[in-house]
Structure formats: structure tokens, C-alpha cells
Amino acid sequence: MKRVDLISHLEANGCEFLREGANLTVYVNRLARKTSTVPRHREINDFLARKICRDLGVTEPGT
């Protein structure tokens, strides 16, 4: 999955950008009070994308 597609999915489901790290971007779901990191690679493995969505409490992409 492309990183921009994952970020679009997260933001469409109520997640917000929190901060940038050295190699990661931190997103937060304030309603669920959960955070997760998104690596700064062009492609993100589908398993990792699903884990990030589960960590943030949003629906998985493609469902």
C-alpha cells in the first residue's frame, strides 16, 4: 500500500498528525486516545498498514 493512501485513510477516519520523528510520522486518534507511528517509506506492507489501523482503532483499508 502506498504511504499517501494510508495517511489519507487515517485522516478520513479521524486521525490527526501529531509530530515527525527521525524516520517516522506519529498519528493520534484523539477520540480513542490511541497513537501509532507510520514509517516514511513509499510502500508500506499490507500487514503493517492493518496493524497501524488496529492500533489507532480505525477500520482497515479496503474494507
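Our subject is the structure listed above.
Since the structure is predicted, the reported quantities are computational estimates derived from the model, not experimental observations.

A.B. asks: An account of the packing of aromatic side chains is requested, with residue identities and associated values reported.
C.D. replies: The final tally for this structure, using the stated rule, is one aromatic pair. A centroid spacing of 6.1 Å and a plane angle of 75 degrees characterise the contact between phenylalanine 17 and tyrosine 27, whose relative ring orientation is edge-to-face. With phenylalanine 17 in strand β1 (residues 16-20) and tyrosine 27 in strand β2 (residues 24-29), the pair connects residues that are ten residues apart, well separated along the chain. Residue classification places phenylalanine 17 among the partly exposed positions, given a relative accessible area of 40%.

A.B. asks: Tell me about the side chain of histidine 9, and please be specific about residues and values.
C.D. replies: Tracing the backbone through its elements, the reader meets histidine 9 in helix α1 (residues 3-12). The contacts of histidine 9, once residues within four sequence positions are left out, are Cys53, Val58, Thr59, Glu60 and Pro61.

Criteria and thresholds
- Residues numbered from 1 in each chain as written.
- Predicted model: local features only at pLDDT ≥ 70, side-chain atom pairs only at ≥ 80, totals over all residues.
- Heavy atoms only, no water.
- Phe/Tyr/Trp six-rings, centres within 6.5 Å; stacked < 30°, edge-to-face > 60°.
- Helix = DSSP H or I, 4+ residues; strand = E, 2+ residues; numbered from the N terminus.
- Buried < 20%, exposed > 50% of the residue type's maximum accessible area, 1.4 Å probe, protein only.
- Contact = heavy atoms within 4.5 Å.

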